[in-house]
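Spelled out, the chains give:
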Amino acid sequence: MIGPRNNYLLVVLDSCRFDSFVAANPHTILRLGALERRWSYASWTAPSHYNLLMGLLPHASPHNVYASEYYARDFANYAARLGTDDVQFKHLLPALYLPTFLKRKLGYRTHALMSLPVLNSATPLNRDFDSFTLMPTHNDMAAMLDRLRFDADQPLFYVLNVGETHYPFALPSEDPSAWPHISGVHGVFQHLDERMVGGKLVNAEEPVALDRAQLERLRTRQVEAVRYLDTVFERLFDLVPPNTYITVTADHGELFGEDGYFGHGPIQHDKVYEVPLVEGKLR
Ligand SMILES: [Zn+2]
């Protein structure tokens, strides 16, 4: 195997629905390549990131293919991502963990910058990372850019968990007192706030009345968050070295009232799995 030539950035837009991404039409991100509609393996943040860090990006839901064959084919795409001549799924054995493979077998420096507290450094995800940082606020990708360091002599892997696209879809410039306050479902939303800062989960047993107009406003806020993030990617693209391959995807989608669902997690619905994927190297 020829040594890696690329830095690799995996950017996860937390909760970003495929159709929110399409509606935002983020020109800068789309410079990386064609937008693909993919499916997350999990409906919420922790298991989805574990899967992503196993090296399995959201899948294409292929027909008439065994899972093992799909994994093998999908994993071969890391040859292009890393700039090596050959990468196979078996190279991940026995740990089956991308940071372990990159650090121990390919000599990468490995770093995680996470926005959501369920991805904090005490979790089992923090394995074979040179640094694993929970950002001070949940919604500031721009602050992550100041922490990126590249090295001409050693390839870098970064995973960035980006929170602007997560409830309450707030930009860093927005005063938290101006975040959505939904009458009627406020109790649930308060719990969602707690989940965001304290890891508590919504009480799924509690029936709530969902206000369509307010949910539509939240959907619009997610689209606006993607448009804003596109300007942050402009800065990101200016600062990454040319030998950097970038994957942009989401860990799961989000429900905005469809079939009586809000949010993500304990939900069985297409829209909680349908996610965007764009990747490539800047030319
Ligand atoms: Zn998430």
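Everything quoted here is computed from the prediction, not taken from an experiment. Here, residues in each chain are numbered from 1, in the same order as that chain's written sequence. Totals for whole chains, interfaces and linings use every residue, but because this is a predicted model, local features are given only for residues with pLDDT of at least 70 and side-chain atom pairs only at 80 or more, for both listing and counting. Only hydrogens and water are removed before side-chain values are computed, so all heavy atoms of the structure are retained for them.

Enquirer: Account for the overall build of the protein chain, with residues named and values stated.
Expert: Where helices and strands are cited, they refer to DSSP runs of H or I of at least four residues and of E of at least two residues respectively, numbered from the N terminus. Tallying secondary structure elements over the protein chain gives nine helices and nine strands in all. Long-range contacts, defined here as pairs at least 24 residues apart, represent 71% of the contacts in the protein chain between residues at least 6 apart. Throughout, a contact is declared for two residues whenever any of their heavy atoms are within 4.5 Å.

Enquirer: Could you give an account of the packing of aromatic side chains, naming the residues involved and the relevant values?
Expert: Each aromatic ring pair is characterised by the separation of its centres together with the angle its planes make. Pairing of aromatic rings covers Phe, Tyr and the six-membered ring of Trp, with a centre-to-centre limit of 6.5 Å; geometry is then stacked below 30 degrees between planes, edge-to-face above 60, and tilted otherwise. Counted according to the given criterion, the structure contains 16 aromatic pairs. Among the aromatic side chains, those forming a connected cluster through ring pairs are Tyr8, Tyr71, Phe75, Tyr78, Phe89, Phe101, Phe129, Phe132, Phe157 and Tyr245. Remark: a charge is flagged as sitting over a ring if the NZ atom of Lys or the CZ atom of Arg is within 6 Å of the ring centre and within 35 degrees of the ring normal. When the ring centre of Tyr78 is taken as origin, the NZ or CZ atom of Arg81, which lies over that ring, is 4.5 Å away.

Enquirer: Tell me what's going on with the pairing of strand E3 (residues 109-114), and back it up with residues and numbers.
Expert: Strand residues, when the strand is regular, have side chains that alternate between the two faces of the sheet. Throughout, exposure labels follow a simple rule: accessible area from a 1.4 Å probe, protein chains only, divided by the maximum for the residue type, with under 20% read as buried, over 50% as exposed, and the rest as partly exposed. Of all six residues that make up E3, five are buried, and the element is covered over most of its length. The sheet contact formed by E3 and strand E5 (residues 156-162) spans five bridges and is parallel. Across the sheet, Thr110 pairs through a bridge with Phe157, a residue of E5. For two strands to be treated as a pair, DSSP must find at least two bridges joining them. Of the pairings in the sheet, the one linking E3 to strand E4 (residues 131-134) comprises four bridges and is parallel in character.

Enquirer: Describe helix H8 (residues 212-239), with residues and values.
Expert: Between its first and last C-alpha, H8 extends 41 Å over 28 residues, near the 40 Å set by a 1.5 Å rise per residue. Two N or O atoms form a polar contact when they lie within 3.5 Å of each other; inside protein one atom must be a possible hydrogen donor and the other a possible acceptor, and for residues adjacent in sequence the pair counts only when both atoms belong to side chains. Where H8 starts, the residue carrying a side-chain oxygen 2.9 Å from the main-chain nitrogen of Ala213 turns out to be Asp211. One less than the residue count of a helix, multiplied by 1.5 Å, gives the span that helix is expected to have.

Enquirer: For the nonpolar core, give the residues involved together with the corresponding values.
Expert: In plain words, nonpolar cores are sets of buried Ala, Val, Leu, Ile, Met, Phe, Trp, Tyr and Cys residues tied together by side-chain atoms within 4.5 Å. By size, the foremost hydrophobic cluster in this structure holds 33 residues, and its most contacted members are Val11, Leu13, Met141, Leu160, Phe233, Leu236 and Ile246. Elements with a contribution of two residues or more to this core: strand E1 (7-13), helix H1 (18-24), helix H6 (141-145), E5, H8, strand E6 (244-249) and strand E9 (274-281). No other element matches the seven residues that H8 contributes to this core. Each residue touching Phe233, except ones within four places of it in the same chain, is listed here: Val11, Leu13, Thr28, Ile29, Met141 and Val248.

Enquirer: Tell me about the side chain of Thr28, and name the residues and values.
Expert: For Thr28, the position within the fold is in the loop between H1 and strand E2 (36-39). Contacts of Thr28, omitting those with residues within four sequence positions, involve Asp230, Phe233, Glu234 and Phe237.

Enquirer: Lay out the coordination of the zinc ion in plain terms, naming residues and giving numbers.
Expert: Looking at the zinc ion, the protein donor atoms are Asp14 (OD), Asp14 (OD), Thr45 (OG1), Asp251 (OD) and His252 (NE2), and they sit 2.0 to 2.7 Å from it. Listed donor atoms are N, O and S within 2.8 Å of the metal (Na, K and Ca: 3.2 Å). As water is not included, a site may look incomplete. Each donor residue of the zinc ion lies on the same chain, and together they follow the pattern D-x30-T-x205-D-H. With Asp14 in the loop between E1 and H1 and His252 in the loop between E6 and strand E7 (255-256), this residue pair connects regions lying 238 residues apart in the sequence.

Enquirer: Before we move on, could you go through the side chain of Asn139 and cite the residues and values that matter?
Expert: Residue placement: Asn139 occurs in the loop between E4 and H6. For Asn139, the side chain forms a polar contact with the main-chain oxygen of Ala170, separated by 2.9 Å. When neighbours within four sequence positions are excluded, Asn139 is seen to be in contact with Gly163, Glu164, Ala170, Leu171, Pro172 and Trp179.

Enquirer: Outline the pattern of salt bridges, supporting the account with residue identities and numerical values.
Expert: Whenever Lys or Arg places a side-chain nitrogen within 4 Å of a carboxyl oxygen from Asp or Glu, that contact is recorded as a salt bridge. Here the structure, examined in full by the defined rule, presents 16 salt bridges. Among the ionic pairs, Asp19 bridges to Arg17, the shortest N-O distance being 2.7 Å. Asp146 serves as the salt-bridge partner of Arg235, at 3.5 Å between the closest nitrogen and oxygen. With Arg235 in helix H8 and Asp146 in the loop between H6 and E5, this residue pair connects regions lying 89 residues apart in the sequence. According to the relative accessible area criterion, Arg235 is partly exposed, its value standing at 39%. One network of salt bridges, in which partners are shared, links Arg17, Asp19, Arg37, Glu216, Arg219, Glu258, Lys271 and Glu274.

Any functional reading would require information beyond the geometric quantities listed.
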